[in-house]
Amino acid sequence: MALDGTRLKDALEAIAAEMATVEERGKPADYIPELARVSAGHFALCVATEDGRLFSCGDADTAFSIQSVSKVFTLTLALGLAGDALWKRVGREPSGSAFNSIVQLEYEHGRPRNPFINAGAIAVTDIILGNHQPREALGEILRFLRALSGDDTISIDEAVALSEKQTGYRNFALANYMRAYGIITHPVDLVLGVYFHHCAIAMTAQQLAQAGSFLAFGGRDPLSGFRVVSPDRARRINALMLTCGHYDGSGEFAYRVGLPAKSGVGGGILCIVPGVASIAAWSPGLNDVGNSRLGTLALERLAKTMDWNIFGIRS
Ligand code: GLN
């Protein structure tokens, strides 16, 4: 589908202007000081298209903590390592529960509902750890993101990683519980060391939009032509983003925006328009289920204005 650049530029400009006037911006995550001190005033939107163009507005070159958006990339890597055997350890159903919920894990004998809630992402991280040292596993995740976004400067915010570790009692509980069931096979502190660090990767909206491009174009990076995953796998990762990408707000996000997406408590959202574009939105203020309030609103506006949805509907 040819992309109308002028229409897109106008849409981004109008959205940025509207977002600047919104007073109810939500509250940045405050479970660690590094996230609590980020201003709710930030807003960014970046659209990466098939021909490599980036259309941006707002603070699109300011780095933020990608947090759970990293779970899309770790799932991609782990599927490459374990293939469909991954699904023996992790389910594919929406959880309907908070991202860090423990109760469901007990009912379901230690097998997390999906790879995008914390428990599922920790199990996925265990797969990436494989026979590696944590440092090597982390290096692999970082190299993957740098290659996808074509930017070697992407790095981990060590202060965020340390705070996550110091306060991550629930994640330790989830991991220990899964270890008891053999869903996790490595020592809990090693798995969580990698998990906390990949959540602490800092990226700009421009880098993130670029990194997600392979998901918009059937698993192939449109710029380099490099096949990252098979078309089948790209379709399935998108399907999981649509159904599970926003925790217990996944239904609401699909209803409002109509596109697959993954959020993080840093206020980032990676959103895919299949065959058209990869989008990153960022605004740190969160709604009551931990998803970016303005990020969601901006994506809702953009999807409507550009007639972007997975249902082929034009207004
Ligand atoms: N690092 C966060 C945690 O594990 C990620 C959660 C999120 O972004 N929803 O609690």
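Before reading further, recall that the structure is shown in the block above.
Residues numbered from 1 in each chain as written. Predicted model: local features only at pLDDT ≥ 70, side-chain atom pairs only at ≥ 80, totals over all residues. Heavy atoms only, no water.

**A few points about the site of the ligand**
Okay, so step 1: Taken together, Tyr31, Gln67, Ser68, Phe99, Asn118, Glu164, Asn171, Tyr195, Cys199, Tyr247, Gly264 and Val265 form the complete shell of residues around the ligand.
Okay, so step 2: One of the side-chain nitrogen or oxygen atoms of asparagine 171 is found 2.9 Å away from an oxygen atom of the ligand.
Okay, so step 3: The separation between a nitrogen atom of the ligand and a polar side-chain atom of tyrosine 247 is 2.7 Å.
Okay, so step 4: When the free accessible area of the ligand is taken as 300 Å², the share hidden by the protein chains comes to 96%.
Okay, so step 5: A breakdown of the residues in the shell around the ligand according to their chemical character gives six nonpolar, five polar and one charged. (Near = heavy atom within 4 Å. Polar contact = N/O pair within 3.5 Å; in protein donor to acceptor, adjacent residues only side chain to side chain. Areas by Shrake-Rupley, 256 points an atom, 1.4 Å probe, with all protein chains shown as cover. Nonpolar A, V, L, I, M, F, W, Y, C, P; charged D, E, K, R; others polar.)

**Some remarks on the sheet that holds strand S4 (residues 155-156)**
Okay, so step 1: If you trace the three strands from one edge of the open sheet to the other, you get S3-S5-S4, paired in antiparallel fashion. Each edge of the sheet is formed by a strand with only one pairing partner; in this case those strands are strand S3 (64-65) and S4.
Okay, so step 2: Where S4 lies against strand S5 (residues 201-203), two bridges are found, and the strand directions are antiparallel. Paired with isoleucine 156 across the strands is isoleucine 201, a residue of S5. (Pairing = 2+ DSSP bridges. Helix = DSSP H or I, 4+ residues; strand = E, 2+ residues; numbered from the N terminus.)

**Considerations on the nonpolar core**
Okay, so step 1: Counting residues in each nonpolar core, the largest one holds 76 residues, and the members touching the most others are Phe73, Leu75, Leu86, Ile122 and Ile201.
Okay, so step 2: Leaving out residues up to four positions away in the same chain, leucine 75 has contacts with Leu86, Trp87, Pro115, Phe116, Val124, Ile237 and Leu240. (Core = buried A, V, L, I, M, F, W, Y, C linked by side-chain atoms within 4.5 Å. Buried < 20%, exposed > 50% of the residue type's maximum accessible area, 1.4 Å probe, protein only. Contact = heavy atoms within 4.5 Å.)

**A closer look at the state of the cysteines**
Okay, so step 1: All told, the structure shown has zero disulfides when counted by the stated rule.
Okay, so step 2: We note that cysteine 57 lacks a disulfide partner, and the nearest cysteine sulfur, in cysteine 46, lies 8.9 Å from it.
Okay, so step 3: Here cysteine 57 falls in the buried class, since its relative accessible area comes to 10%.
Okay, so step 4: Between cysteine 271, a cysteine without a disulfide, and cysteine 46, which holds the nearest cysteine sulfur, the sulfur-to-sulfur distance is 13 Å. (Disulfide = S-S within 2.5 Å.)

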